Amino acid sequence: MSLVVERRGRFEQVFEENFRAVYAYVLRRAGPAEPDDAVAEVFLVAWRRIDEVPADAKPWLLGVARRVLANQRRAAGRRASLMARTREDAARPAPEPPEAPSVLRALDRVSARDREILLLIAWDGLSIEEAAHALGCSRGAAKVRFHRAKRRLGQAIAELEPEDVPAPARLRLETR
Amino acid sequence: MSDSLALLAAADPVREAELPGAAAPQARALKERILRADVVVAQPSRRRPTVVAVAVAAAVAAAVMVPRSLEREPVAAAAVLERAAVATASATPAPAGRYAYTEATTITPATDTDEPPFTALVPAVQETWIAADGSGRIRTVRGKPYFPSERDRSRWLAHGSPPLGLPPGSITVEPLPVSPDAAALAERDPATLDARELDELLNTPAFLPTDPDRLERLLQEYAKTKDPPAESMMFNQLEDLLTNPYVSAALRSAAYRVLARMNGIDLRGPMRDPMGRPGTAIDFPAGSTGDMRYRLIIDPATGAVLAEETLLGQPNDEVAGAQGTVLAQVVYVRSGWVDSVGSRPAARR
C-alpha cells in the first residue's frame, strides 16, 4: 500500500471518529456564527500532520481547535467574551435544567484559564490526562489546574445571588 | 463527579449526539475538499523534521521566551546572507527537465507522547522526482531507528518496544497535484487571505513575490496563521523556499534577504556539513522555548543549502540527550533535472 493511501485511510478514520466532537467543541466556544471555517481548519491541520496524530486523536484535535479559535479571535480582533457568546447561542427548544443559568453565570466569574479546563472535561468529555494533552501541559499540572478550577467554580456558584440559586444549593449556602 | 462539575455538564449548550455526524453531506464535502486541497504531500522532501520538532517544543512550552541575546553578530550574519542572495541569483539552475531530482539523507524524530514520553530518531535516504505540477515520486529507504539517549531507549522498552515509524524499506508515493488557485491569490493583499489560502499560495512558488518587502509581509501573514512563535514558522518557510527546486533565482535571493532581516539569526561561521563539504552555518532558535535550535549550512559560493538540522538545546520531557544532539536533519546530497521518474542525473553537482 502506498504511503498516500495509508495516510488517506488514517485521515478518514480520524475524521469519521472525531468530526462531531470537533464540531461540538467549536460550537461550544465560538457559537454557530461561523463554525465551519474553524472545523475545516482543524481537519486540514490534521491531514497535513496526519503522521503526528496520536492513536487517541481527540485530545490532539481539540488542542489544534483551541489554537485555531485563538488565531481566529486574534485575526478578527474580537474581544467578545467567549462565554457570553456561548450563552447567547445556547438557546434551544428543550427546557433547560433549572441549575443551568446559575452555573453558567458562575462560569463567567472564573478565569478563562479555569474555564478552559473545566469545559474540556465537563462538556467535551476528556479525562484529565487527555485535557493535559489538549492543553499541552503535563498530567500533574492539569490535575492541579482542574482541581483548583473546580473549587473556584464551586465558590462562584455559592457567591451568586441566593434567589438565583436552586433550593438545594441555597440550603447549602445557608449552612455555611 | 462533584456537584459543580455535574451542574456544569448539565448546562452544556450543545447536544453533541444530535449534531450532524461525519456521514452528513456537509461533513463529507468538507472531507473531500481537505483531501483535494492538500499540497503538502506533493513535496514531502519538505516533510522536514522541523515541523515535528516544533510540535515537540510546543508540547513542553511553558511560555518561556527565547533570550534574544543570540544576536551575537547580526551584522556579520546579514552580510553572509546578502552574499548568498547575490550568489544564488546567478548560480540557481533553471529547470532543465520534466522532473526535479533530489537525493537527501534524513533523520526524522518520532516522538511518542504517551507517558512516559520518548523520542526515537529514524534515519533514511530519500530520492524525489517532482514535476512542476507537483506530481512525481518519493522513494524512501529507511534505516535502523536509534535513540538520542538512554532515557529514551529505556522508556521505549517500558512501553513494550513498540514499532518505530514505518518498517524499513522502500516506499513509492504518488503526490497530489498543486492547487490551481494560486494565481488569483497572489493578486490579493496577504492580510485578506485566510490560512488555507496562504498555504496554497506558499506552496506555489511561481506566484510568490520576488520583492523582499512583499515576500516578508506575505510570510508574516502566513506565520500568524500557524502555531506560535511566528519567527519559527517564517524561518521554516524560508528554508522551504531555499530548498525547493521550483523556486526561481530571484525568489531565492529574496528569501535570503528576508532571512537576513530576521532577529535571532546567529552566525556560526565556517562549518563542514555532515558529508564534509565546506559551508557557512547559521542557527536560529526553534519553537517558543530555548530547548532547540535550527541550523542551516549553506554554500556561500552558490547560495545552495547543503544541510538543515534541528539540534537539542536542553533535554525536556519528551527527549533527552546531550546538548547539540541532532534531532532532525536533511542533507542535500545532490540534485538535478531528469525527464523520467526513476532516472538520475549523470553528473554530480
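To be clear, the structure that these remarks concern was listed above.
A brief look at the structure comes next. For every chain, the first residue of its written sequence is number 1, and the numbers climb from 1 along that sequence. Chains and ligands are labelled by the order in which they are written, letters from A for the one and numbers from 1 for the other. Selection of residues for local features in this predicted model requires a pLDDT of at least 70, selection of side-chain atom pairs for listing and counting requires 80 or more, and totals for whole chains, interfaces and linings are taken over all residues. Side-chain calculation: all heavy atoms of the structure are included, whereas hydrogens and water are not.

1. Focus: the overall build of chain A
Phase 1: Numbering of helices and strands runs from the N terminus, with a helix taken as a DSSP run of H or I at least four residues long and a strand as a DSSP run of E at least two residues long. Helix and strand counts for chain A stand at nine helices and zero strands.
Phase 2: Its helices and strands in sequence order give chain A the pattern α-α-α-α-α-α-α-α-α, from N to C terminus.
Phase 3: Of all intrachain contacts in chain A linking residues separated by at least 6 positions in sequence, the fraction that spans at least 24 positions is 65%.
Phase 4: Only the protein chains shown count as cover for residues, and the accessible areas themselves come from Shrake-Rupley with a 1.4 Å probe. Of the roughly 8,500 Å² of accessible surface on chain A, a fraction of 50% belongs to carbon and sulfur atoms. Contacts are residue-level and defined by heavy atoms, with any inter-residue pair within 4.5 Å sufficient.

2. A word on the overall build of chain B
Phase 1: Broken down by element type, chain B carries 10 helices and nine strands.
Phase 2: Within chain B, the fraction of its 349 residues that count as buried is 53%.
Phase 3: As presented, chain B carries roughly 14,700 Å² of accessible surface, and 56% of it is formed by carbon and sulfur atoms. Burial here depends on accessible area, computed with a 1.4 Å probe over protein chains only, as a share of the maximum for the residue type. Under 20% is buried, over 50% is exposed, and the range in between is partly exposed.

3. Here's the deal with the pairing of strand 2 (residues 118–130) of chain B
Residue and element names in this part refer to chain B.
Phase 1: Of all 13 residues in strand 2, 11 are buried, a share of seventy percent or more.
Phase 2: Note: two strands are recorded as paired if DSSP finds a minimum of 2 bridges between them. The sheet contact formed by strand 1 (residues 99–112) and strand 2 spans 13 bridges and is antiparallel. Across the sheet, Asp112 pairs through a bridge with Phe118, a residue of strand 2.
Phase 3: Taken together, the seven bridges between strand 2 and strand 3 (residues 136–142) define a ladder with antiparallel strand orientation. Residue pairing in the sheet places Thr128 in a bridge with Ile138 of strand 3.

4. Some thoughts on helix 9 (residues 230–243) of chain B
All names here are of chain B.
Phase 1: When the terminal C-alpha atoms of helix 9 are compared, their 20 Å separation across 14 residues agrees well with the 20 Å that a helix rising 1.5 Å per residue should span.
Phase 2: A large share of helix 9 lies buried, amounting to 12 of its 14 residues.
Phase 3: Taken together, the buried positions of helix 9 are occupied by Ser232, Met233, Met234, Phe235, Asn236, Gln237, Leu238, Glu239, Asp240, Leu241, Leu242 and Thr243. For a helix, the expected span equals 1.5 Å multiplied by the residue count minus one.

5. Describing the pairing of strand 1 of chain B
Phase 1: In the sheet, strand 1 of chain B pairs with strand 9 (residues 326–338) of chain B via nine bridges, with the strands oriented antiparallel. Considered in strand 9 of chain B, the bridge of Thr102 of chain B is made with Ser335 of chain B.

6. Regarding the pattern of salt bridges
Should the charged atoms of two oppositely charged side chains come close, the side chains can pair.
Phase 1: What counts as a salt bridge is simple: a side-chain nitrogen of Lys or Arg found within 4 Å of a carboxyl oxygen of Asp or Glu. Across all of its chains, the model carries 26 salt bridges over all chains by this definition.
Phase 2: In this structure, Glu116 of chain A engages Arg145 of chain A in a salt bridge whose closest nitrogen and oxygen atoms are separated by 2.9 Å. Highlighted residues: Glu116 of chain A in helix 6 (residues 112–122) and Arg145 of chain A in helix 8 (residues 139–159), separated in sequence by 29 residues.
Phase 3: For the salt bridge of Glu221 of chain B with Lys224 of chain B, the shortest nitrogen-to-oxygen distance reads 3.1 Å. In this pair, Glu221 of chain B and Lys224 of chain B are both assigned in helix 8 (residues 212–224), three residues apart and thus about one turn of the helix distant.

7. Some details on the nonpolar core
Phase 1: As used in this record, nonpolar core signifies buried Ala, Val, Leu, Ile, Met, Phe, Trp, Tyr and Cys residues forming a set joined through side-chain atoms within 4.5 Å. Core analysis: the largest hydrophobic core is formed by 62 residues, its most contacted members being Phe11, Phe19, Phe43, Leu61 and Leu107 of chain A together with Leu8 of chain B.
Phase 2: In terms of residue count, the dominant contributor to this core is helix 1 (residues 3–30) of chain A (10 residues).
Phase 3: Ranked by size, the runner-up nonpolar core spans 50 residues in total, among them Ala84, Leu208, Leu219 and Ile282 of chain B.

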